[in-house]
Amino acid sequence: ETGVTQTPRHLVMGMTNKKSLKCEQHLGHNAMYWYKQSAKKPLELMFVYSLEERVENNSVPSRFSPECPNSSHLFLHLHTLQPEDSALYLCASSQEAISGANVLTFGAGSRLTVL
Amino acid sequence: GENVKQHPSTLSVQEGDSAVIKCTYSDSASNYFPWYKQELGKRPQLIIDIRSNVGEKKDQRIAVTLNKTAKHFSLHITETQPEDSAVYFCAASGSNYQLIWGAGTKLIIKP
């Protein structure tokens, strides 16, 4: 398996459920990202990890909780979400996260629907 | 705050014609400008990027131009083909590890 892999590809959950999204990269990159993609809106950066350390948290509600156990794996734990959180969640990685000038490799995304 | 405006939101061109997508940015410190292509149901992928020390970059049928004074940059696709149909996103480097993204342009290639 190469590139950036995300699971599950589709997830439907109720507002009281707890679920997790998983991302794995096989590129030897040192930085990983979570983005939220909603229709006709710019990509929203949620979290950035560099060498397993969180370096950016873009005022994301606490119902989203990231976890980066090592430089190859990234999780997004979901708890008591709202219907407006329904979106495509994209994971990405880059060689470094020194600045914004990084080439991103994206995963295929996890389509989340909150009922 | 930092922002990137992209237009048009939808662009329909005849196969074989050229397509131009434009973006403007607000942060004069931005020095890196990538373009990503996202086909329907697929992941965004980098197609071309440019840094602020260069005014133009070309890769086969695609080119990007940058005007730092006016703070705008454009994507040019020549001899469009059906496989060019996708949503294209521009971005500009911002502060703190961020890329500031445009809202996307849906490019439709008419046969």
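Above: the structure in question.
Parameters and conventions
- Residues numbered from 1 in each chain as written.
- Chains lettered and ligands numbered in written order.
- Predicted model: local features only at pLDDT ≥ 70, side-chain atom pairs only at ≥ 80, totals over all residues.
- Heavy atoms only, no water.
- Helix = DSSP H or I, 4+ residues; strand = E, 2+ residues; numbered from the N terminus.
- Rg over C-alpha atoms; globule rule 2.2 N^0.38 Å.
- Buried < 20%, exposed > 50% of the residue type's maximum accessible area, 1.4 Å probe, protein only.
- Contact = heavy atoms within 4.5 Å.
- Salt bridge = Lys/Arg side-chain N within 4 Å of Asp/Glu carboxyl O.
- Buried area = accessible area lost by both parts, 1.4 Å probe.
- Polar contact = N/O pair within 3.5 Å; in protein donor to acceptor, adjacent residues only side chain to side chain.
- Pairing = 2+ DSSP bridges.
- Axes fitted to C-alpha atoms, helices over the stretch in contact; angles between N-to-C directions.
- Disulfide = S-S within 2.5 Å.

Things to note about the overall build of chain A
- Secondary structure assignment for chain A yields 0 helices and 11 strands.
- Ordering the α and β elements of chain A from the N terminus gives β-β-β-β-β-β-β-β-β-β-β.
- For 115 residues, the compact-globule estimate of 2.2 N^0.38 gives 13 Å, and the C-alpha radius of gyration of chain A, at 13 Å, lies within 12% of that figure.
- Across the 115 residues of chain A, 48% fall into the buried class.
- Partitioning the intrachain contacts of chain A with sequence separation of at least 6 by distance along the chain shows that 54% fall at a separation of at least 24.

What about the pattern of salt bridges?
All names here are of chain B.
- Scanning all chains against the criterion turns up 5 salt bridges over all chains.
- One salt bridge connects Glu-39 with Lys-37, and the closest N-O pair in it is separated by 4.0 Å.
- Judged by relative accessible area, Glu-39 falls into the partly exposed class, the value being 32%.
- On the accessibility criterion, Lys-37 (15% relative accessible area) is buried.

Regarding the interface of chain B and chain A
- Tallying the contact residues gives 18 residues for chain B and 27 residues for chain A.
- The junction of chain B with chain A conceals about 1800 Å² of combined surface from both sides, 56% of it contributed by carbon and sulfur atoms.
- Linking chain B with chain A are 0 salt bridges.
- The interface formed by chain B and chain A holds 5 residue pairs in polar contact (both at pLDDT 80 or more) in total.
- Taken together, the elements giving at least two residues each to the side of chain B that touches chain A come down to β4 (32-38), β5 (45-51), β9 (86-93) and β10 (99-101) of chain B.

Details of the sheet that holds strand β3 (residues 18-25) of chain A
Residues and elements named next belong to chain A.
- The antiparallel open sheet is built from 4 strands, whose spatial order is β1-β3-β8-β7. Taken across any chain shown, the strands that pair with only one partner, and hence form the sheet edges, are β1 (4-7) and β7 (64-70). Taken over all neighbouring pairs, the strand axes of this sheet differ in orientation by 20° on average, direction set aside.
- Judged from the 4 bridges that link them, β1 and β3 form a sheet pairing that is antiparallel. From the neighbouring strand, Thr-5 faces β3, where its bridge partner is Glu-24.

Points about unusual backbone geometry
- Between Thr7(A) and Pro8(A) the backbone carries a cis peptide bond, its omega angle lying at -10°.
- Here Pro8(A) shows up in the loop between β1 and β2 (10-13).
- In this model, His7(B) is joined to Pro8(B) through a cis peptide bond whose omega is 5°.
- Of note, Pro8(B) is situated in the loop between β1 (4-7) and β2 (10-14).

Digging into the state of the cysteines
- In this structure the tally under the stated criterion is 2 disulfides over all chains.
- Across the disulfide from Cys23(A) sits Cys91(A); the S-S distance is 1.9 Å. Taking the sign of the S-S torsion, about -75° here, the bridge from Cys23(A) to Cys91(A) comes out left-handed. In this pair, Cys23(A) is assigned in strand β3 and Cys91(A) in strand β9 (residues 87-94), connecting sequence segments 68 residues apart. The same class applies to Cys23(A) and to Cys91(A), which are both buried.
- One disulfide bridge connects Cys23(B) with Cys90(B), the sulfur atoms lying 1.9 Å from each other. In this structure the cystine formed by Cys23(B) and Cys90(B) twists about its S-S bond by roughly -100°; its chirality is therefore left-handed. In this pair, Cys23(B) sits in strand β3 (residues 19-25) while Cys90(B) sits in strand β9, placing the two residues 67 residues apart along the sequence.
- You can call Cys23(B) buried: its relative accessible area is 1%.
- Judged by its relative accessible area of 0%, Cys90(B) falls in the buried class.

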